[in-house]
Amino acid sequence: MSVPIRLNNNNKRGVLARLKTLINSQTFHSPAPKGPVQDQPSPEKDFDYSTCRGRIDAAKWKALDARKLGITSSMISYPSQFVLKLLRSKGFESYLVGGCVRDLLLKRTPKDFDVITTAKLTEVRKQFRRLARAEVVGRHFPVCLVHIKGFVVEVTSFETVARTSKGKEQSLDSLLPECTNREDLFRCKNSLRRDFTINSLFYDPFANKIYDYTNGMADLSSLKLETVIPAQLSFKEDPGRILRGFRIAARLGLLLSREIEAAIWTYSSLVKSLDKNKIMIELNYMLSYGAAEPSLRLLWKFKFLEFLLPLHAAYLDEQASREDAQPSNMLMKLFFHLDNLVACDRPCDCTLWIGLLAFHLALINNPQEALVVWAFASVLYHGEWEEGVKFAKECAKMCVNFAPEIRTSSTHKSNEEIAEAITKLASLVMQSIPALVQNNSLLQFMSKYPSFPRSGLVFVSRKTGKLVSGIFEMLANDVESYKSKRKNSKINYGMLGKGNLSETGFVLGKIVLETMSGGIIGTGEGSEAGKTKDTEDIGHQMVGRNDERQVLSIANPQCRQEKIKKQKLVENRCIAEEKTGSRNHKLFEKFEHKETNDVHQKLIKLSQKVDLSITKNSMPKKQNYLGKQLMNDRKKITYAKKSFLHQTRHTKMDEHNTSRPSQYSVSKSQQVIANNHNIDVDTKTTDESDLKKKKLHLSLVKVFSGKGRQKPRKNKQRVSPLPVPSSDE
């Protein structure tokens, strides 16, 4: 006889949680595709670590001086130094280990600092209980998180690693060479458990030593990624190392070894077995810390996007089949500009790159006119409707080559029409977000690509999807009353890292604007994409808020035409002045031309003397003579200048008494002199005496700075110029 089971609220939650887990496991993890290997990771006892013996050689162990490698304790963050010093003061060994040591050697800012110690985690928590908040988290691999002044230092223990992998512990003990140094054995055994050789380095800031047991320094110097143990064994043991390897290689520009590439193809199917939260963490590390574009390229190359981001993988496959796909690949351009704004020391929240994926997905399914995309991004960037639309209309005069996302459009749209189009685009972006968080929506979107492998794997939570929708919600509801809460035009990376919607929307708009600017290929309304590629003339339009401005570069084809018109206008005025000017004015021009030639002849002779003095400066007996000669030449030039100005003043007075020419005229000879000296002559404000002063001053500066020398003739001995100090000096 069965006894009915009564479920209270707690039991109901437990049962529902188990059912939800069961459903998710069947929903989010699609069947493994056909491939060479279909197995799951085996228990540790099935791993054969005997293949590692050839890689462990005590003769290759290295203890390097960190100071000679450019690493000092001042490069370590204060919270990490505090943890290291406190543990050392209590009698425990403590080191920095992992990626932070690698980044310090490469003169990069580490994402975080990981500490490993000989103390147990319970002892670590006890030591920091009074000074900071410390908590032990994690079941499979527990760590102690120490919170100090808003920073978190992750502390692991040698003892924890040994206890959580007993099977591997026994195998690795048999592989260790004979060594009397207990500390070396501890460090070596721990390094053998790590993923890649460049991540297995230990740094002791107290002894200023870097310990290398797996040849990591050599791989780092050659920019090569190698696993500590054989790659086939390493990836079978932990498939997450494949995603980690992509991230490290993309961020540092490393080459994957042939062994790693072969192992990736063999065990790529095992990545699907990973928990979706772990996949999300790895993807966020790839896309939020300044290496998004190269990471996506690696994922696409090794077919991982087919089940991680299948819609965007199908787009990349279509783009690859086009001949002109490389310059018009909008997805890669978006993430390229994202990488220009974020880095390890100023990461963004995942809502930003998820928003970019949803935005691009909306454009793939519903291509938009260029004006609409300009306005959409400009309103997000400027934080208000009127200024955003004004800037968008200026930008929309340019032709943008992004196919199929962007269509050519007419700039003659009313503000009401633009607002309606932006509202529609924002709604389309919000409708694209479910394809990233719900498997049913993903499969519906995949119907556009019937021949592409279908994947039901999604790893973005619905809660995160709702946060991303908040970025575009205001644009979808009432774009004309859109008003951002931001107060300046600089990126607040603290708010961006926390996922602030206003900050994320501002940066997303900036990325889209820069991407559109990079896709400009010509001008003219309705011109075909790819017809002209005149992007050499770049103008700058100032956009800003609250008296703070930023520069966004856009193509300005009218710049050169306006410049030519201005020069022609000056020439026409010069010709008219020459025809209608008085006789005294003509005489003054002749006198000026004669005096100018005389002064130039003196300057040429003086420059020749200066050149000769340079070649003879190694003769100490003639230094005093040359110095006196230069002083005399300077006095002559000064006297010639004064007399020239005096005669000019008298001539001008005579001209004023006879016929008074216009104060704002510019003679043709003046324009020639100004062009020779790169002087911008303002036809409204520049008078003749000021121009002559500038001419003489610039000529003297050129002579005494060595810029006015004549080139020696072929039949004369060449004079070697003075060495120019480099900018570093």
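Use the structure listed above.
Residues numbered from 1 in each chain as written. Predicted model: local features only at pLDDT ≥ 70, side-chain atom pairs only at ≥ 80, totals over all residues. Heavy atoms only, no water.

In terms of helices and strands, the chain carries 30 helices and 16 strands. Relative to its full complement of 729 residues, the chain shows a buried share of 46%. Sequence-distant contacts in the chain: of pairs separated by 6 or more residues, those separated by 24 or more amount to 71%. For the chain, the exposed area adds up to about 39600 Å²; of that, 51% sits on carbon and sulfur atoms. (Helix = DSSP H or I, 4+ residues; strand = E, 2+ residues; numbered from the N terminus. Buried < 20%, exposed > 50% of the residue type's maximum accessible area, 1.4 Å probe, protein only. Contact = heavy atoms within 4.5 Å. Areas by Shrake-Rupley, 256 points an atom, 1.4 Å probe, with all protein chains shown as cover.)

It is worth spelling out helix α2 (residues 78-89) at this point. For the α-helix, the turn length of 3.6 residues means that residues three or four positions removed from each other point alike. In a regular helix each residue adds 1.5 Å, so 12 residues correspond to 16 Å; α2 covers 16 Å between its end C-alpha atoms and thus fits that length. Three or more residues of α2 are buried, namely Pro79, Ser80, Gln81, Val83, Leu84, Leu86 and Leu87. Structurally, α2 contributes buried residues whose contacts are with β2 (94-97), β3 (114-117), α4 (121-128), β5 (143-148) and β6 (151-157). Among the residues trailing α2, Gly91 stands out with phi positive, at a value near 95°. (Expected span 1.5 Å × (residues − 1).)

What follows is about the sheet that holds β6. Read across the open sheet, the eight strands follow the order β1-β8-β7-β2-β3-β6-β5-β4; overall the sheet is mixed. Unpaired on one side and paired on the other, β1 (62-65) and β4 (133-137) mark the two borders of the sheet. The sheet shows a mean angle of 30° between the axes of neighbouring strands, direction not considered. α2 rests against β2, β3, β5, β6 and β7 (202-204) of the sheet, and its axis sits at about 35° to β6. Packing of helix α7 (residues 182-191) onto the sheet brings it into contact with β2, β3, β7 and β8 (209-212), and relative to β7 it is tilted by some 145°. (Pairing = 2+ DSSP bridges. Axes fitted to C-alpha atoms, helices over the stretch in contact; angles between N-to-C directions.)

Overall, the coordinates contain 23 salt bridges when judged by the stated rule. The residue Arg102 makes a salt bridge to Asp103 at a minimum N-O spacing of 3.1 Å. Neither Arg102 nor Asp103 differs from the other in exposure class; each is buried. Lys224 serves as the salt-bridge partner of Glu226, at 3.8 Å between the closest nitrogen and oxygen. Sharing partners across several salt bridges, the network here consists of Asp195, Glu237, Asp238, Arg241, Arg244, Arg247, Lys278 and Glu282. (Salt bridge = Lys/Arg side-chain N within 4 Å of Asp/Glu carboxyl O.)

Here the focus is the pairing of β2. Side chains Ser94 and Leu96 of β2 all project onto a buried face; the interleaved residues Tyr95 and Val97 project onto the opposite face, where all are buried too. With three bridges connecting them, β2 and β3 associate as antiparallel partners. In the strand pairing of β3, Leu96 is matched with Val115. Note: β2 against β7, two bridges, orientation antiparallel. Looking across to β7, one finds that Val97 is bridged to Phe202.

Moving on: the packing of helix α15 (residues 310-320) against helix α16 (residues 330-339). One can describe the packing of α15 onto α16 by two numbers: an axis separation of 10 Å at closest approach and a directional angle of 115°. Contacts between α15 and α16 involve His312, Tyr315 and Leu316 on the former and, on the latter, Met330, Leu331 and Met332. Class assignment of the residues belonging to the contact of α15 with α16 gives a composition of five nonpolar, one polar and no charged. (Nonpolar A, V, L, I, M, F, W, Y, C, P; charged D, E, K, R; others polar.)

Right, let's talk about the pairing of β4 for a bit. Inspection of the sheet shows β4 paired to β5 by five bridges, in the antiparallel sense. By the bridge assignment for β5, Glu135 is matched with Leu145.

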